[in-house]
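Listed here are the chains, written in short residue letters.
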Amino acid sequence: MPSPSRRTVLATGSALGGAALVGTLPVRANAATPAITPDADPWRTVLEDADLVWRKMPTTWYEGPYLGNAHLGSGIYQEPGKNAVRFNIQHSEVQDHRPEFGSLFGLCRLPIGHFTLEPVGTITGLDWRLKLRDAELTGTLTTDRGTLTLRAQVNNARSVLAVEVTPSAGEAAFRWVFHPAEAISPRAAFKELPEGYTGNPPAEVAAYGGGVSASVQSLLSGGQHVTAWRERTRGTNRTLYVDVEHSFPKATARDKALATVRAVSNLSYDALAVPHRAWWHAYYRKSFLSVPDARIQRFYWIQLYKIASAARRDAPVMATSGPWIEPTPWPATWWNLNVQLEYWLIHGSNHLELDAVTRALGEFRDNLTAEMAPAYRADSLGIPRTTDIHLVNGGATSTAQGYGVGVPGQDPPTPEVGNLTWALHNVWLSYRHTMDESILRDVLYPLLRKAITYYLHFLEPGADGKLHLPATFSPEYGGNTRDCNYDLMLLSWGCRTLLESAELLGIEDELAPRWREVLSKRVAYPTDANGFMIGADIPFAKSHRHYSHMLAVYPLYELTGRTADERALIERSLAHWVGFEGALQGYTFTGAASMSALLGKGEDALKYLGELMSRFIQANTMYKESGPVIETPLSAAQSLHDMVCQSWGGIIRVFPALPAAWADLTVHDFRTQGAFLLSAVREKGVTRWVRVVSEAGAPCVVRHGIAGAIEVRDGRGRRLSYEDAGDGAIKIGLRKGESALVTAAGERPDLAIAPVTPNAEAPRWGMPA
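One structure accompanies this document, and this report is about it.

Cut-offs applied
Residues numbered from 1 in each chain as written. Predicted model: local features only at pLDDT ≥ 70, side-chain atom pairs only at ≥ 80, totals over all residues. Heavy atoms only, no water. Helix = DSSP H or I, 4+ residues; strand = E, 2+ residues; numbered from the N terminus. Rg over C-alpha atoms; globule rule 2.2 N^0.38 Å. Buried < 20%, exposed > 50% of the residue type's maximum accessible area, 1.4 Å probe, protein only. Contact = heavy atoms within 4.5 Å. Lys, Arg positive; Asp, Glu negative; His and termini not counted. Charge placed at Lys NZ, Arg CZ, Asp CG, Glu CD. Expected span 1.5 Å × (residues − 1). Phe/Tyr/Trp six-rings, centres within 6.5 Å; stacked < 30°, edge-to-face > 60°. Lys NZ or Arg CZ within 6 Å of the ring centre and 35° of its normal. Axes fitted to C-alpha atoms, helices over the stretch in contact; angles between N-to-C directions. Parallel < 35°, antiparallel > 145°, perpendicular 65-115°, else oblique. Left-handed = near helix turned anticlockwise from the far one by under 90°. Nonpolar A, V, L, I, M, F, W, Y, C, P; charged D, E, K, R; others polar. Pairing = 2+ DSSP bridges. Core = buried A, V, L, I, M, F, W, Y, C linked by side-chain atoms within 4.5 Å. Polar contact = N/O pair within 3.5 Å; in protein donor to acceptor, adjacent residues only side chain to side chain.

**Description of the overall build of the chain**
In terms of regular secondary structure, the chain is built from 17 helices and 36 strands. For 769 residues, the compact-globule estimate of 2.2 N^0.38 gives 27 Å, and the chain sits close to it at 27 Å. Here the C-alpha coordinates of the chain stretch approximately 75 × 70 × 45 Å along the principal axes. For the chain, the proportion of its 769 residues judged to be buried stands at 62%. Across the chain, contacts joining residues at least 24 apart in sequence account for 68% of those joining residues at least 6 apart. Charge centroids of the chain, computed over 75 positive and 79 negative side chains, lie 5 Å from each other.

Next up, the structure:
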């Protein structure tokens, strides 16, 4: 990775989230307030270094470039068996509307189709670059007749795909062709169709005047989705503009798509790109991370690009493949792990603008009622394993399909009942990282109360005087078990969180005594000589990818190794879990990395990430299990966060689990629980300085990692008092908007933040060879 020409100093103005304009900042920094030099840009340095490159034609979605804005998405690779390049056209809102066939067939994501870029000559080579900073694909396609120079973006502001192609003379007659996809559930290629299910009728492609064409896909349920396009020529450039619209139950998508394409195609590619690039440039500047492992650092910045291509607050909660859809058995949103892992990295990276989970659970909570068995709809809530974008499973309307959420002690349907509580842990993380009381009051508390109330219907005292649960299901081990750890762990976290939330909100809840009883009388988590069991009836005795039986360790941090026995239990359980080869998958290793980081084992965490990279991550950093799923690479970014900073239990832990090889490291505006923004620099194995900015005035306890005597100064360089909080931590009194800089006593370190020098060269992601 190239080093900048001179050291770069960053502004840490928390109110601007690191996105302040250079011209508004001081040139010099005083003892406690960093600044930025106008001739260097660390974000540009790391992003350009992380760009994916292709000098070989990608042949699958797992190899090729991808563009998206959380709604419209395009994956780009060779048209199978053809002398052409495919640009997939997919949209996260395009779905079927036949709930009688459930979420995987009747409410599933529907494929739309693809364009082929068909050159005159035979393709002989290419040189492409996915420019992360601008969210654009650029490069050339070479044939035996000439070259095609292209630029492509899924525009952030207008939500259209724009592809500009500049052909040489021999390729002037290249063409674009649209291929509608069959509007049938992608799961049909993997599973038997439900009785009575048929695909939707074929799309109708027609010209609508002025060079505008459209593919109109009518749906059997009513409504339609429409892909409209137009190609415009300006000088030697030909630009394709593509818009996708979906309407249900009315057939209004066609007119909207035609109007959009007509309007947008009047803008040049460059005019479209100006606000698009500005959004992406500001997006990246909200945080900064540099590690001395070039491959992992590039991977990390690619994940930040990927999640902003797949997630926004106002977009649907990500399906298993984000806005991109390929043949897959998973054409819906999965709530027993995928959603949770997909969104974890938004907190530390300071990107709460991507939090669709909190928004969707709040907006569609009424739909969850129908997913419960009728006897529990008055006071309880759950979420099925799979839903559409409106959190509907569809099974509630069909006796054959069954309702969405199972009942403890019964089967069928499978009694998988903890998924909503786990999803609400993500909402809790959003609250804790912002301290936004409206999240707590309006979404977390009312939904968590009903999710925990569902458990309370089934808890019963046993002969031992402890409270027990009847048989439930632990994703995805197989078999139902009494006192299932997945549910006991979520139940405990939920009761504790409700009690804390009620106190914060000033609510005297009539259920509070019951929540306290659960915490005091709940049966112990079932364990055996190998560690955590699946539940009282099922030991952990086979290879299994999921860590549903260990949620109390991670991500709930209910068990953290506070005592020697607790630590030994965690270590034993972790070793036993990953010791079974056969069914392990990529997210096994991200979970193991984060659990190792919890224990302070940086070498182990890096080892597990290395296993993930070498065994599972594809050329373009995508991932597959039977079909495309994207949660694992995104969760690997969170594992890296857990190595760099942890903030559970009210303590900010700086560099808690770094491997010895990571002697240099830079982090800036990392968001922690308590709504703090953390910046810190490590050089030659020593933490040089730590700075925290308080956005909410929450209690500030920092385990800074600086050896020996320290000094703490405020934003003006004045000394701040602090208290020793034990175990290497200090407590600093900070009001909202105030900051604290921690250094070794007598030290006045350079407060510069810049990319660190990599320990070794590494190949770029993509297909550079």
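Let us keep going from here.
**Notes on helix α15 (residues 586-598)**
For α15, spanning 13 residues, the distance from its first C-alpha to its last is 19 Å, which sits close to the expected 18 Å at 1.5 Å a residue. Taking burial as the measure, the 13 residues of α15 include 13 buried ones, the bulk of the element. Taken from the residues just after α15, G600 is the one with a positive phi, measuring 80°.

**Considering the packing of aromatic side chains**
For the coordinates displayed, the defined rule picks out 38 aromatic pairs. Here the aromatic rings of Y554 and Y557 are separated by 5.7 Å at their centres, their planes lie at 85°, and the arrangement is edge-to-face. Relative accessible area serves as the criterion here: at 3%, Y554 is assigned to the buried category. Here the guanidinium or amino end of R238 rests over the ring plane of F174, the centre of that ring lying 3.8 Å away.

**Side note on the packing of helix α10 (residues 419-434) against helix α11 (residues 437-456)**
Following both chains from N to C, one finds α10 and α11 inclined at 155°, their axes separated by 10 Å at the closest point. In terms of their interaxial angle, α10 and α11 are classed as roughly antiparallel. The two elements α10 and α11 meet at a crossing, and its hand is left-handed. Together, L420, T421, L424, V427, W428, S430, Y431 and T434 of α10 and E437, I439, L440, V443, L444, L447, L448, A451, I452 and Y455 of α11 make up the contact between the two elements. A class-by-class count of the residues in the contact of α10 with α11 yields 14 nonpolar, three polar and one charged.

**Points about the sheet that holds strand β33 (residues 722-726)**
Across the sheet, five strands lie side by side as β26-β27-β31-β34-β33; this open sheet has mixed pairing. Two strands in the sheet have a free side with no partner beyond their single neighbour: β26 (645-646) and β33. Two elements, strand β27 (residues 652-654) and strand β31 (residues 700-703), share two bridges in a ladder whose sense is parallel. Counted as the bridge partner of I652 is V702 from β31.

**Focus: the nonpolar core**
Of all hydrophobic cores here, the largest spans 212 residues; its most connected members are W128, L132, Y284, W301, L361 and W515. In terms of residues, this core owes the most to one element, α11, which gives 12 residues.

**Description of the sheet that holds strand β10 (residues 175-180)**
The strand order across the open sheet formed by five strands is β2-β3-β4-β5-β10, and the pairing between neighbours is antiparallel. Edge positions in the sheet fall to β2 (66-68) and β10, since each has one partner strand and no second. Direction aside, neighbouring strands of the sheet carry axes that sit 20° apart on average. One ladder, built from five bridges, connects strand β3 (residues 72-78) with strand β4 (residues 85-91); its direction is antiparallel. Residue Q78 lies in a different strand from β4, and its bridge partner there is V85.

**Section: helix α1 (residues 42-50)**
α1 sits mainly inside the fold: seven of its nine residues count as buried. Every buried residue belonging to α1 is among P42, W43, T45, V46, L47, D49 and A50, and all of these are buried. For α1, the secondary structure elements touched by its buried residues are β1 (52-54), α4 (269-284), β15 (288-290), α5 (294-310) and β28 (665-672). Sitting at the amino-terminal end of α1 is D41, which places a side-chain oxygen 3.0 Å from the backbone nitrogen of W43.

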